[in-house]
Number of protein chains: 2
Amino acid sequence: MRISEGVEWAAHCCLLLDWMGMGDPETAEPVSTARLAAGYGLPPAYLNKQLQPLVKAGILTSTAGKKGGFRLARRLRDITLMDVLTAIEGPEEAFQCAEIRQHGVWADEPASVFRAPCAIDTAMRTAELEWRRALAAQTLAAIQQNAELQAPGLRAQVQDWYREPRP
Amino acid sequence: MRISEGVEWAAHCCLLLDWMGMGDPETAEPVSTARLAAGYGLPPAYLNKQLQPLVKAGILTSTAGKKGGFRLARRLRDITLMDVLTAIEGPEEAFQCAEIRQHGVWADEPASVFRAPCAIDTAMRTAELEWRRALAAQTLAAIQQNAELQAPGLRAQVQDWYREPRP
DNA sequence: GCGCGGCTACTCGGATATAAACTGTCCGAGTAGCACTGG
DNA sequence: CCAGTGCTACTCGGACAGTTTATATCCGAGTAGCCGCGC
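Per an unreviewed UniProt entry, the recorded name for chain A is Transcriptional regulator, and the organism is Glycomyces albidus.

A.B. asks: When you look at the relation of the copies chain B and chain A in this model, what are you seeing that I'm missing?
C.D. replies: These two copies of the chain differ by a rotation about an axis and a displacement along the same axis. Once turned by 180° and shifted 0.0 Å along the axis, chain B lies on chain A with an RMSD of 0.0 Å. Here the copies are linked by what is in effect a two-fold axis. A share of 100% of interface residues in chain B that are also interface residues in chain A marks the association as one of identical surfaces.

A.B. asks: Is there a simple way to think about the environment of Met1(A) in this case?
C.D. replies: With respect to the helices, strands and loops of the structure, Met1(A) is situated in the segment before helix 1 (5–20). In this structure, the C-alpha to C-alpha distance between Met1(A) and Ala94(A), residues 93 residues apart in sequence, is 8.1 Å. If we skip the residues at most four places from it in the chain, Met1(A) touches Arg2(B), Ile3(B), Leu85(B), Glu89(B), Ala94(B) and Trp131(B).

A.B. asks: Would you explain the interface of chain B and chain A in this entry?
C.D. replies: Size of an interface: often given as the accessible area lost when the parts come together. Counting residues at the interface gives 58 residues for chain B and 58 residues for chain A. Across the chain B to chain A interface the summed buried area is about 5,000 Å²; carbon plus sulfur atoms make up 73%. Summed over the shared surface of chain B and chain A, the result is zero salt bridges. The interface formed by chain B and chain A holds eight residue pairs in polar contact (both at pLDDT 80 or more) in total.

A.B. asks: Explain the environment of Asp108(A) to me, please; I cannot follow it from the model alone.
C.D. replies: Here Asp108(A) is to be found in the loop between helix 4 (81–89) and helix 5 (119–136). Remark: the alpha-carbon pair of Asp108(A) and Asp83(A), spanning 25 residues in sequence, is separated by 42 Å.

A.B. asks: Teacher, can you tell me more about helix 4 (residues 81–89) of chain B here?
C.D. replies: Along an α-helix, residues three or four positions apart point the same way, because every turn accommodates 3.6 residues. Most of helix 4 of chain B sits inside the fold, with seven of its nine residues counted as buried. Among all positions of helix 4 of chain B, only Leu81(B), Met82(B), Val84(B), Leu85(B), Ala87(B), Ile88(B) and Glu89(B) are buried. Buried residues in helix 4 of chain B make contact with helix 5 of chain A together with helix 1 (5–20), helix 3 (44–56), helix 5 (119–136) and helix 6 (140–150) of chain B. At the C-terminal side of helix 4 of chain B, Gly90(B) shows a positive phi close to 95°.

A.B. asks: Please clarify how the protein's contact with DNA strand C should be interpreted in this entry.
C.D. replies: Taken together, 26 residues sit near DNA strand C, with Thr33(A), Ser62(A), Gly65(A), Ser4(B) and Glu5(B) positioned nearest. Of what DNA strand C places within 4 Å of the protein, 63% of the atoms are sugar or phosphate. Between Thr33(A) and DNA strand C, the recorded distance is 2.9 Å, taken from a side-chain N or O atom to a phosphate oxygen. Within the contact set of DNA strand C, a base nitrogen lies 3.4 Å away from a side-chain nitrogen or oxygen of Asn48(A).

A.B. asks: What should I look at first to understand the pattern of salt bridges in this one?
C.D. replies: Proximity of charged atoms lets side chains of opposite charge pair with each other. Summed over the entire model, instances satisfying the criterion amount to 18 salt bridges over all chains. Its salt-bridge partner being Arg75(B), residue Asp24(B) comes within 3.4 Å of it at the nearest N-O pair. In this pair, Asp24(B) is assigned in the loop between helix 1 and helix 2 (33–40) and Arg75(B) in the loop between strand 2 (69–72) and helix 4, connecting sequence segments 51 residues apart. Accessibility expressed as a relative area gives 23% for Asp24(B), which makes it partly exposed. The class of Arg75(B) is partly exposed, set by a relative accessible area of 33%. The shortest N-O distance in the salt bridge between Arg125(B) and Glu93(B) comes to 2.9 Å. Pair noted here: Arg125(B) is in helix 5 and Glu93(B) is in the loop between helix 4 and helix 5, with a separation of 32 residues, a long-range link. On the basis of relative accessibility, which here comes to 43%, the residue Arg125(B) falls in the partly exposed class. The network of salt bridges with common partners includes Glu93(A), Asp121(A) and Arg125(A).

Procedures and definitions
Residues numbered from 1 in each chain as written. Chains lettered and ligands numbered in written order. Predicted model: local features only at pLDDT ≥ 70, side-chain atom pairs only at ≥ 80, totals over all residues. Heavy atoms only, no water. Least-squares fit on C-alpha atoms with pLDDT ≥ 70 in both. Contact = heavy atoms within 4.5 Å. Helix = DSSP H or I, 4+ residues; strand = E, 2+ residues; numbered from the N terminus. Buried area = accessible area lost by both parts, 1.4 Å probe. Salt bridge = Lys/Arg side-chain N within 4 Å of Asp/Glu carboxyl O. Polar contact = N/O pair within 3.5 Å; in protein donor to acceptor, adjacent residues only side chain to side chain. Buried < 20%, exposed > 50% of the residue type's maximum accessible area, 1.4 Å probe, protein only. Near = heavy atom within 4 Å.

Quick look at the structure:
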(Lines give C-alpha, C1' and ligand atoms only; values in the text may rest on other atoms or scores of the structure.)
Protein backbone atom coordinates (compact mmCIF):
# COMPACT_ATOMS: atom_id res chain seq x y z
CA MET A 1 0.00 0.00 0.00
CA ARG A 2 2.22 2.74 -1.26
CA ILE A 3 1.06 5.86 -3.09
CA SER A 4 2.69 6.28 -6.47
CA GLU A 5 5.44 8.84 -6.60
CA GLY A 6 3.57 10.34 -9.54
CA VAL A 7 1.32 12.08 -7.04
CA GLU A 8 4.24 13.98 -5.59
CA TRP A 9 5.55 14.82 -9.05
CA ALA A 10 2.16 16.03 -10.22
CA ALA A 11 1.57 18.24 -7.21
CA HIS A 12 5.00 19.83 -7.50
CA CYS A 13 4.54 20.44 -11.20
CA CYS A 14 1.21 22.15 -10.61
CA LEU A 15 2.85 24.53 -8.17
CA LEU A 16 5.65 25.13 -10.61
CA LEU A 17 3.28 25.79 -13.48
CA ASP A 18 1.47 28.32 -11.36
CA TRP A 19 4.67 30.15 -10.47
CA MET A 20 5.78 30.23 -14.06
CA GLY A 21 2.36 31.34 -15.28
CA MET A 22 2.17 34.11 -12.69
CA GLY A 23 -0.97 32.57 -11.29
CA ASP A 24 -3.15 33.18 -14.31
CA PRO A 25 -3.75 30.07 -16.42
CA GLU A 26 -5.29 32.15 -19.19
CA THR A 27 -2.16 34.10 -20.07
CA ALA A 28 0.32 31.37 -19.18
CA GLU A 29 2.52 29.86 -21.84
CA PRO A 30 2.81 26.08 -22.08
CA VAL A 31 5.77 24.43 -20.36
CA SER A 32 7.22 21.27 -21.82
CA THR A 33 7.89 18.15 -19.80
CA ALA A 34 11.58 18.58 -20.53
CA ARG A 35 11.66 21.88 -18.69
CA LEU A 36 9.47 20.69 -15.86
CA ALA A 37 11.60 17.58 -15.45
CA ALA A 38 14.78 19.66 -15.42
CA GLY A 39 13.36 21.64 -12.53
CA TYR A 40 13.20 18.54 -10.34
CA GLY A 41 15.79 16.24 -11.85
CA LEU A 42 13.19 13.79 -13.07
CA PRO A 43 13.21 11.54 -16.16
CA PRO A 44 11.36 13.65 -18.75
CA ALA A 45 9.58 10.86 -20.59
CA TYR A 46 8.26 9.30 -17.42
CA LEU A 47 7.11 12.63 -16.06
CA ASN A 48 5.20 13.09 -19.28
CA LYS A 49 3.48 9.78 -18.71
CA GLN A 50 2.57 10.77 -15.18
CA LEU A 51 1.09 14.08 -16.24
CA GLN A 52 -1.15 12.56 -18.87
CA PRO A 53 -3.86 11.45 -16.45
CA LEU A 54 -3.95 14.99 -15.09
CA VAL A 55 -4.97 16.17 -18.54
CA LYS A 56 -7.72 13.59 -18.70
CA ALA A 57 -8.88 14.69 -15.27
CA GLY A 58 -9.15 18.28 -16.42
CA ILE A 59 -6.44 19.60 -14.13
CA LEU A 60 -3.98 20.40 -16.90
CA THR A 61 -4.30 21.13 -20.59
CA SER A 62 -1.74 20.02 -23.11
CA THR A 63 -0.78 21.53 -26.45
CA ALA A 64 1.44 19.84 -29.01
CA GLY A 65 3.84 21.43 -31.42
CA LYS A 66 6.92 23.52 -31.16
CA LYS A 67 5.85 25.89 -28.42
CA GLY A 68 3.71 23.26 -26.79
CA GLY A 69 3.63 21.81 -23.29
CA PHE A 70 1.37 21.74 -20.27
CA ARG A 71 -0.70 24.46 -18.68
CA LEU A 72 -2.96 24.58 -15.66
CA ALA A 73 -6.57 24.09 -16.66
CA ARG A 74 -7.80 26.09 -13.67
CA ARG A 75 -6.46 28.04 -10.75
CA LEU A 76 -4.67 26.43 -7.83
CA ARG A 77 -7.44 27.39 -5.44
CA ASP A 78 -9.75 25.16 -7.47
CA ILE A 79 -7.46 22.12 -7.35
CA THR A 80 -7.33 19.94 -4.27
CA LEU A 81 -4.91 17.22 -3.27
CA MET A 82 -7.84 14.86 -3.66
CA ASP A 83 -8.13 15.84 -7.32
CA VAL A 84 -4.48 15.12 -7.97
CA LEU A 85 -4.51 11.81 -6.13
CA THR A 86 -7.69 10.62 -7.79
CA ALA A 87 -6.36 11.56 -11.21
CA ILE A 88 -3.25 9.41 -10.82
CA GLU A 89 -4.28 6.60 -8.50
CA GLY A 90 -7.74 6.18 -9.93
CA PRO A 91 -11.15 6.68 -8.36
CA GLU A 92 -11.49 3.29 -6.70
CA GLU A 93 -10.98 2.95 -2.97
CA ALA A 94 -7.80 1.66 -1.40
CA PHE A 95 -9.63 -1.03 0.54
CA GLN A 96 -11.69 -3.27 -1.65
CA CYS A 97 -13.84 -5.76 0.21
CA ALA A 98 -13.71 -9.15 -1.48
CA GLU A 99 -16.75 -10.34 0.47
CA ILE A 100 -14.97 -13.46 1.59
CA ARG A 101 -17.75 -14.03 4.10
CA GLN A 102 -19.91 -15.22 1.21
CA HIS A 103 -17.50 -17.93 0.09
CA GLY A 104 -17.26 -20.21 3.08
CA VAL A 105 -19.34 -20.82 6.16
CA TRP A 106 -22.06 -18.46 5.13
CA ALA A 107 -22.30 -19.61 1.53
CA ASP A 108 -25.60 -21.34 2.24
CA GLU A 109 -27.14 -18.48 4.13
CA PRO A 110 -30.14 -16.68 2.67
CA ALA A 111 -29.27 -13.73 0.50
CA SER A 112 -30.93 -11.40 2.94
CA VAL A 113 -27.99 -11.80 5.28
CA PHE A 114 -25.70 -10.22 2.71
CA ARG A 115 -27.92 -7.22 2.20
CA ALA A 116 -26.28 -5.78 5.26
CA PRO A 117 -22.82 -4.55 4.30
CA CYS A 118 -19.76 -6.25 5.70
CA ALA A 119 -19.00 -4.61 9.03
CA ILE A 120 -15.29 -4.61 8.34
CA ASP A 121 -15.84 -2.99 4.98
CA THR A 122 -17.99 -0.33 6.58
CA ALA A 123 -15.34 0.48 9.14
CA MET A 124 -12.60 0.68 6.55
CA ARG A 125 -14.72 2.89 4.33
CA THR A 126 -15.43 5.22 7.21
CA ALA A 127 -11.74 5.68 7.88
CA GLU A 128 -10.87 6.09 4.24
CA LEU A 129 -13.60 8.69 3.88
CA GLU A 130 -11.91 10.73 6.60
CA TRP A 131 -8.70 10.56 4.64
CA ARG A 132 -10.29 11.68 1.42
CA ARG A 133 -12.16 14.43 3.22
CA ALA A 134 -8.89 15.76 4.59
CA LEU A 135 -7.33 15.59 1.14
CA ALA A 136 -10.23 17.44 -0.44
CA ALA A 137 -9.93 20.17 2.17
CA GLN A 138 -6.39 21.03 1.05
CA THR A 139 -6.16 23.18 -2.06
CA LEU A 140 -2.93 23.56 -3.95
CA ALA A 141 -3.21 27.29 -3.37
CA ALA A 142 -3.02 26.76 0.39
CA ILE A 143 -0.06 24.45 0.00
CA GLN A 144 1.73 26.91 -2.22
CA GLN A 145 1.12 29.64 0.33
CA ASN A 146 2.65 27.52 3.07
CA ALA A 147 5.68 26.82 0.92
CA GLU A 148 6.19 30.52 0.27
CA LEU A 149 5.78 31.36 3.93
CA GLN A 150 8.49 28.90 4.89
CA ALA A 151 10.84 30.06 2.14
CA PRO A 152 10.30 33.72 1.29
CA GLY A 153 11.58 34.66 -2.12
CA LEU A 154 11.07 31.16 -3.42
CA ARG A 155 8.66 32.34 -6.08
CA ALA A 156 11.12 34.84 -7.49
CA GLN A 157 13.97 32.34 -7.43
CA VAL A 158 12.00 29.81 -9.40
CA GLN A 159 10.96 32.39 -11.94
CA ASP A 160 14.56 33.54 -12.31
CA TRP A 161 15.81 30.03 -12.80
CA TYR A 162 13.34 29.43 -15.54
CA ARG A 163 13.82 32.78 -17.24
CA GLU A 164 16.81 31.60 -19.24
CA PRO A 165 16.09 28.89 -21.79
CA ARG A 166 16.73 25.67 -19.89
CA PRO A 167 16.82 22.27 -21.69
CA MET B 1 -2.38 2.24 -4.01
CA ARG B 2 -4.39 -0.78 -3.05
CA ILE B 3 -4.56 -2.29 0.42
CA SER B 4 -3.58 -5.94 0.49
CA GLU B 5 -6.45 -8.36 0.79
CA GLY B 6 -4.56 -9.85 3.71
CA VAL B 7 -5.99 -7.06 5.85
CA GLU B 8 -9.52 -8.22 5.17
CA TRP B 9 -8.56 -11.84 5.79
CA ALA B 10 -6.83 -11.01 9.04
CA ALA B 11 -9.70 -8.96 10.40
CA HIS B 12 -12.23 -11.65 9.56
CA CYS B 13 -10.07 -14.31 11.14
CA CYS B 14 -9.76 -12.33 14.34
CA LEU B 15 -13.54 -12.10 14.58
CA LEU B 16 -13.83 -15.79 13.87
CA LEU B 17 -11.24 -16.69 16.47
CA ASP B 18 -13.13 -14.68 19.03
CA TRP B 19 -16.40 -16.41 18.22
CA MET B 20 -14.82 -19.82 18.42
CA GLY B 21 -13.01 -18.98 21.63
CA MET B 22 -16.16 -17.62 23.27
CA GLY B 23 -14.49 -14.29 23.72
CA ASP B 24 -11.88 -15.42 26.20
CA PRO B 25 -8.40 -15.84 24.69
CA GLU B 26 -7.16 -17.56 27.83
CA THR B 27 -9.39 -20.61 27.58
CA ALA B 28 -9.58 -20.72 23.78
CA GLU B 29 -8.13 -23.64 21.89
CA PRO B 30 -5.87 -22.99 18.91
CA VAL B 31 -7.45 -23.05 15.46
CA SER B 32 -5.39 -24.18 12.51
CA THR B 33 -5.12 -22.25 9.27
CA ALA B 34 -6.83 -25.14 7.50
CA ARG B 35 -9.99 -24.65 9.54
CA LEU B 36 -9.88 -20.88 9.35
CA ALA B 37 -9.37 -21.03 5.60
CA ALA B 38 -12.25 -23.47 5.21
CA GLY B 39 -14.50 -20.95 6.93
CA TYR B 40 -13.90 -18.40 4.19
CA GLY B 41 -12.92 -20.50 1.19
CA LEU B 42 -9.37 -19.21 1.21
CA PRO B 43 -6.13 -20.95 0.19
CA PRO B 44 -4.85 -22.34 3.51
CA ALA B 45 -1.15 -21.94 2.89
CA TYR B 46 -1.49 -18.34 1.82
CA LEU B 47 -3.73 -17.51 4.74
CA ASN B 48 -1.03 -18.92 6.97
CA LYS B 49 1.45 -16.58 5.36
CA GLN B 50 -0.84 -13.62 5.90
CA LEU B 51 -1.39 -14.40 9.56
CA GLN B 52 2.27 -14.65 10.37
CA PRO B 53 2.85 -10.89 10.67
CA LEU B 54 -0.06 -10.74 13.09
CA VAL B 55 1.87 -13.05 15.39
CA LYS B 56 4.93 -10.83 15.16
CA ALA B 57 2.75 -7.84 15.93
CA GLY B 58 1.44 -9.50 19.08
CA ILE B 59 -2.15 -9.73 17.89
CA LEU B 60 -2.18 -13.51 17.61
CA THR B 61 -0.19 -16.31 19.19
CA SER B 62 0.71 -19.46 17.34
CA THR B 63 1.38 -22.95 18.64
CA ALA B 64 2.83 -25.76 16.57
CA GLY B 65 2.14 -29.45 16.85
CA LYS B 66 -0.84 -31.66 16.46
CA LYS B 67 -3.41 -29.57 18.30
CA GLY B 68 -1.75 -26.36 17.26
CA GLY B 69 -2.98 -23.29 15.46
CA PHE B 70 -3.64 -19.61 16.11
CA ARG B 71 -5.20 -17.88 19.07
CA LEU B 72 -5.96 -14.29 19.88
CA ALA B 73 -3.22 -12.74 21.95
CA ARG B 74 -5.62 -10.28 23.54
CA ARG B 75 -9.28 -9.38 23.53
CA LEU B 76 -11.02 -7.81 20.56
CA ARG B 77 -11.64 -4.59 22.44
CA ASP B 78 -7.88 -4.18 22.65
CA ILE B 79 -7.30 -4.65 18.92
CA THR B 80 -7.96 -1.83 16.48
CA LEU B 81 -8.17 -1.82 12.71
CA MET B 82 -5.03 0.26 12.81
CA ASP B 83 -3.22 -2.58 14.56
CA VAL B 84 -4.26 -5.08 11.92
CA LEU B 85 -3.39 -2.81 9.02
CA THR B 86 -0.02 -1.84 10.44
CA ALA B 87 0.84 -5.47 11.09
CA ILE B 88 0.28 -6.48 7.49
CA GLU B 89 1.07 -3.37 5.46
CA GLY B 90 3.97 -2.29 7.59
CA PRO B 91 4.48 0.82 9.70
CA GLU B 92 5.65 3.15 6.96
CA GLU B 93 3.29 5.77 5.56
CA ALA B 94 1.46 5.39 2.28
CA PHE B 95 2.82 8.67 0.94
CA GLN B 96 6.57 8.82 1.02
CA CYS B 97 8.03 12.17 0.05
CA ALA B 98 11.04 11.71 -2.21
CA GLU B 99 12.11 15.33 -1.67
CA ILE B 100 12.39 15.93 -5.38
CA ARG B 101 12.60 19.64 -4.65
CA GLN B 102 16.20 19.06 -3.59
CA HIS B 103 17.28 17.49 -6.85
CA GLY B 104 16.67 20.22 -9.41
CA VAL B 105 16.24 23.95 -9.29
CA TRP B 106 16.81 24.18 -5.58
CA ALA B 107 19.84 21.93 -5.50
CA ASP B 108 22.14 24.89 -4.94
CA GLU B 109 20.04 26.50 -2.26
CA PRO B 110 21.39 26.74 1.27
CA ALA B 111 20.53 23.78 3.44
CA SER B 112 18.47 26.01 5.70
CA VAL B 113 15.76 26.10 3.05
CA PHE B 114 15.24 22.37 3.41
CA ARG B 115 14.90 22.51 7.15
CA ALA B 116 11.32 23.45 6.56
CA PRO B 117 9.39 20.34 5.56
CA CYS B 118 8.00 20.00 2.09
CA ALA B 119 4.57 21.65 2.11
CA ILE B 120 3.09 18.89 -0.02
CA ASP B 121 4.46 16.26 2.29
CA THR B 122 2.98 18.06 5.27
CA ALA B 123 -0.43 18.20 3.68
CA MET B 124 -0.36 14.54 2.73
CA ARG B 125 0.76 13.56 6.20
CA THR B 126 -2.04 15.53 7.74
CA ALA B 127 -4.63 13.71 5.68
CA GLU B 128 -3.09 10.34 6.28
CA LEU B 129 -3.03 11.03 9.99
CA GLU B 130 -6.77 11.54 9.89
CA TRP B 131 -7.12 8.17 8.22
CA ARG B 132 -4.99 6.40 10.78
CA ARG B 133 -6.78 8.16 13.58
CA ALA B 134 -10.11 6.87 12.28
CA LEU B 135 -8.67 3.38 11.96
CA ALA B 136 -7.33 3.45 15.50
CA ALA B 137 -10.72 4.51 16.79
CA GLN B 138 -12.36 1.33 15.54
CA THR B 139 -11.86 -1.71 17.73
CA LEU B 140 -12.57 -5.18 16.45
CA ALA B 141 -15.03 -5.56 19.30
CA ALA B 142 -17.11 -2.71 17.94
CA ILE B 143 -17.00 -4.16 14.45
CA GLN B 144 -18.05 -7.55 15.74
CA GLN B 145 -20.92 -5.98 17.59
CA ASN B 146 -22.13 -4.28 14.42
CA ALA B 147 -21.93 -7.53 12.52
CA GLU B 148 -24.02 -9.29 15.14
CA LEU B 149 -26.57 -6.51 15.20
CA GLN B 150 -27.05 -6.76 11.46
CA ALA B 151 -27.27 -10.55 11.52
CA PRO B 152 -28.66 -11.83 14.81
CA GLY B 153 -27.80 -15.43 15.49
CA LEU B 154 -24.63 -15.18 13.48
CA ARG B 155 -22.46 -16.06 16.43
CA ALA B 156 -24.37 -19.27 17.13
CA GLN B 157 -24.34 -20.25 13.47
CA VAL B 158 -20.62 -19.91 13.23
CA GLN B 159 -20.07 -21.88 16.39
CA ASP B 160 -22.39 -24.62 15.14
CA TRP B 161 -20.63 -24.83 11.82
CA TYR B 162 -17.30 -25.25 13.52
CA ARG B 163 -18.52 -27.71 16.13
CA GLU B 164 -18.11 -30.70 13.86
CA PRO B 165 -14.54 -31.48 12.82
CA ARG B 166 -14.10 -29.59 9.54
CA PRO B 167 -11.04 -30.17 7.33
C1' DG C 1 6.26 44.15 -49.92
C1' DC C 2 3.10 40.45 -48.95
C1' DG C 3 0.76 36.04 -48.94
C1' DC C 4 1.28 31.21 -49.26
C1' DG C 5 3.19 26.64 -49.14
C1' DG C 6 6.37 23.39 -47.64
C1' DC C 7 9.72 22.10 -44.23
C1' DT C 8 11.74 21.44 -39.83
C1' DA C 9 11.95 21.17 -35.04
C1' DC C 10 9.65 20.16 -31.27
C1' DT C 11 5.60 18.52 -28.62
C1' DC C 12 2.47 15.06 -26.52
C1' DG C 13 0.58 10.28 -26.54
C1' DG C 14 0.66 5.73 -26.43
C1' DA C 15 3.14 1.24 -27.30
C1' DT C 16 6.91 -1.25 -25.58
C1' DA C 17 10.72 -3.31 -22.02
C1' DT C 18 12.36 -3.76 -17.18
C1' DA C 19 11.96 -3.94 -12.05
C1' DA C 20 9.28 -4.56 -8.04
C1' DA C 21 5.53 -6.07 -5.32
C1' DC C 22 1.83 -8.95 -4.50
C1' DT C 23 -0.21 -13.46 -4.73
C1' DG C 24 0.08 -18.31 -4.36
C1' DT C 25 2.47 -22.95 -3.46
C1' DC C 26 5.57 -26.20 -1.45
C1' DC C 27 8.50 -28.52 1.80
C1' DG C 28 11.08 -28.91 6.20
C1' DA C 29 11.77 -28.23 11.45
C1' DG C 30 9.45 -29.04 15.43
C1' DT C 31 5.89 -30.31 18.62
C1' DA C 32 2.03 -32.63 20.88
C1' DG C 33 -0.54 -36.51 21.32
C1' DC C 34 -0.72 -41.53 21.15
C1' DA C 35 0.36 -46.30 21.09
C1' DC C 36 3.33 -49.65 22.58
C1' DT C 37 6.48 -51.78 25.76
C1' DG C 38 8.42 -53.02 30.01
C1' DG C 39 8.23 -53.05 34.88
C1' DC D 1 -2.14 -50.94 36.18
C1' DC D 2 1.25 -47.31 35.30
C1' DA D 3 5.38 -44.84 33.69
C1' DG D 4 8.53 -44.24 30.09
C1' DT D 5 9.75 -44.13 25.29
C1' DG D 6 9.53 -44.03 20.49
C1' DC D 7 6.55 -43.00 16.65
C1' DT D 8 3.25 -40.68 13.89
C1' DA D 9 0.37 -37.09 12.46
C1' DC D 10 -0.21 -32.56 12.29
C1' DT D 11 1.23 -27.69 12.98
C1' DC D 12 3.61 -23.32 11.78
C1' DG D 13 7.42 -20.96 9.41
C1' DG D 14 10.04 -19.70 5.83
C1' DA D 15 11.97 -20.76 1.08
C1' DC D 16 10.54 -21.01 -3.63
C1' DA D 17 7.55 -19.90 -8.34
C1' DG D 18 3.73 -17.23 -10.98
C1' DT D 19 1.17 -13.10 -11.84
C1' DT D 20 -0.22 -8.45 -11.58
C1' DT D 21 1.31 -3.62 -10.82
C1' DA D 22 4.54 0.11 -10.96
C1' DT D 23 8.62 2.17 -13.12
C1' DA D 24 11.27 3.63 -17.02
C1' DT D 25 12.16 4.18 -21.97
C1' DC D 26 11.42 4.74 -26.88
C1' DC D 27 9.26 5.93 -31.17
C1' DG D 28 5.46 7.78 -34.04
C1' DA D 29 1.46 11.13 -35.14
C1' DG D 30 0.66 15.76 -35.22
C1' DT D 31 1.22 20.66 -34.63
C1' DA D 32 3.20 25.34 -34.52
C1' DG D 33 6.52 28.25 -36.04
C1' DC D 34 9.69 29.58 -39.72
C1' DC D 35 12.02 29.98 -44.03
C1' DG D 36 11.83 30.47 -48.82
C1' DC D 37 9.36 31.20 -52.98
C1' DG D 38 6.19 33.24 -56.06
C1' DC D 39 3.11 37.05 -57.06
